[in-house]
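Here is what each chain is made of, one letter per residue.
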Amino acid sequence: MITEFAAIGLAAAAHVASIFLGLSFSVCAGLLGGLVCAAAAGGIFFLLRCRKTHGGAETESKSFLYRIRPEGMWEGILYSVTAVLFLTQLLFIWIGDGVYRGGDLTVETVGSFLAENGLYQVNPLTGLPYTAGIPSRLKILCLPTLYGSLCKLTGMSPSMIVVRVIPTVILVSCYFAFGLLATVFFPEEGASSFREKRACFMTIVSLLLWVGAYQYGMDGFDLLCSGWRGVTIRNLVLIPWLLSLCLRKKWLLAILCVVCEACIVWTLYGCGVCLPVLAGMAVIQLFCSEGHLKKS
């Protein structure tokens, strides 16, 4: 999941640089590709160094997969139900015809980037140049640049990247984020009751996502019908991961969630939801710590 956030951060850097330097979209996509390659090389080098230094310490994803592997019968049943629900959701994303964009112009915006070889040069609805310009806040949002760069680098169409590929990635990230939250809520290793509660938590999450797919505005609907939107990424990936980070007291990564939201969602000029959640969790933990010290 950190990989997706790193991609958003690199896309934001390439996007802002291109906006302020007036670079073409081709140069922007090449810049993003170069940043991704450099980051990947640095990440591989870092992991190899950590493995040599710490004797193969588990990564977050490896630890998560280890914790949710089924050991009992009920765990196996619950995780099997979750897997079936996940696969049906994945199938819906790829073959479903009920995609609802409701005024979302992402596909058209990405198409205009590719056609004009520039960022925010024309109105994607009319094909005419912007006469009064667009808000600076909108120019900072980097998801269209990320999706357009993927189209440029892979040769896929905007509709394939935006409507199929990205929602698939977000679906997987959503399950991973809630899985991490489950391991924080029920942390005791070896206790079958806690392991069953983790499995039950994930099954309930899967069911709620399907149940919520019936109406526009529900999280399940956003995930399955508009998984490319920044609001969907925030609600179903950033916030559960942010909660798990706060409960584990990984404050630096939690702050990065706030920055990530500012780059993808046009809400209160970036302050949105993650910042209040982070502040609230910090205050709660501060009061809990003070209460514990007083009792001691």
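From a predicted model like this one, the values you see are computed outputs, not experimental measurements.

By the element assignment, leucine 224 lies in helix H10 (residues 219-225). Here the alpha-carbon distance between leucine 224 and phenylalanine 92, two residues 132 residues apart in the chain, equals 7.3 Å. Setting aside residues up to four positions removed in sequence, leucine 224 forms contacts with Gln89, Phe92, Ile93, Leu209, Trp210 and Ala213.

Another aspect to go through is the environment of phenylalanine 176. Its place among the elements puts phenylalanine 176 in helix H8 (residues 158-185). Given a relative accessible area of 14%, phenylalanine 176 falls into the buried group. Along the sequence, phenylalanine 176 and valine 237 sit 61 residues apart, while their C-alpha atoms lie 8.3 Å from each other.

With that settled, consider unusual backbone geometry. In this model, asparagine 117 sits at a positive phi of 55°, which is unusual for a non-glycine residue. Inspection of the secondary structure puts asparagine 117 in the loop between helix H5 (106-116) and helix H6 (136-140). On the accessibility criterion, asparagine 117 (31% relative accessible area) is partly exposed. Despite not being glycine, lysine 249 shows a phi value in the positive range, around 60°.

Let's shift gears to the packing of aromatic side chains. Taken as a whole and judged by the stated rule, the model has seven aromatic pairs. Taking the centre distance of 6.4 Å and the plane angle of 80° together, the rings of phenylalanine 185 and phenylalanine 186 count as edge-to-face. An aromatic cluster is defined as three or more aromatic residues linked by ring pairs; in this entry it consists of Phe25, Phe113 and Tyr120.

Within the secondary structure layout, isoleucine 2 lies in helix H1 (residues 2-21). Assessed through its relative accessible area of 44%, isoleucine 2 is described here as partly exposed. The sequence separation of isoleucine 2 and leucine 253 amounts to 251 residues, and the corresponding C-alpha distance is 9.4 Å.

Core analysis: the largest hydrophobic core is formed by 67 residues, its most contacted members being Ile8, Tyr147, Phe178, Phe201 and Ile264. Broken down by element, this core gets its largest block of residues, 14 residues, from H8. Here tyrosine 147 is in contact with Thr106, Val110, Ile161, Val162, Ile166, Trp228 and Ile233, once residues within four sequence places are set aside.

Cut-offs and rules
- Residues numbered from 1 in each chain as written.
- Predicted model: local features only at pLDDT ≥ 70, side-chain atom pairs only at ≥ 80, totals over all residues.
- Heavy atoms only, no water.
- Helix = DSSP H or I, 4+ residues; strand = E, 2+ residues; numbered from the N terminus.
- Contact = heavy atoms within 4.5 Å.
- Buried < 20%, exposed > 50% of the residue type's maximum accessible area, 1.4 Å probe, protein only.
- Phe/Tyr/Trp six-rings, centres within 6.5 Å; stacked < 30°, edge-to-face > 60°.
- Core = buried A, V, L, I, M, F, W, Y, C linked by side-chain atoms within 4.5 Å.

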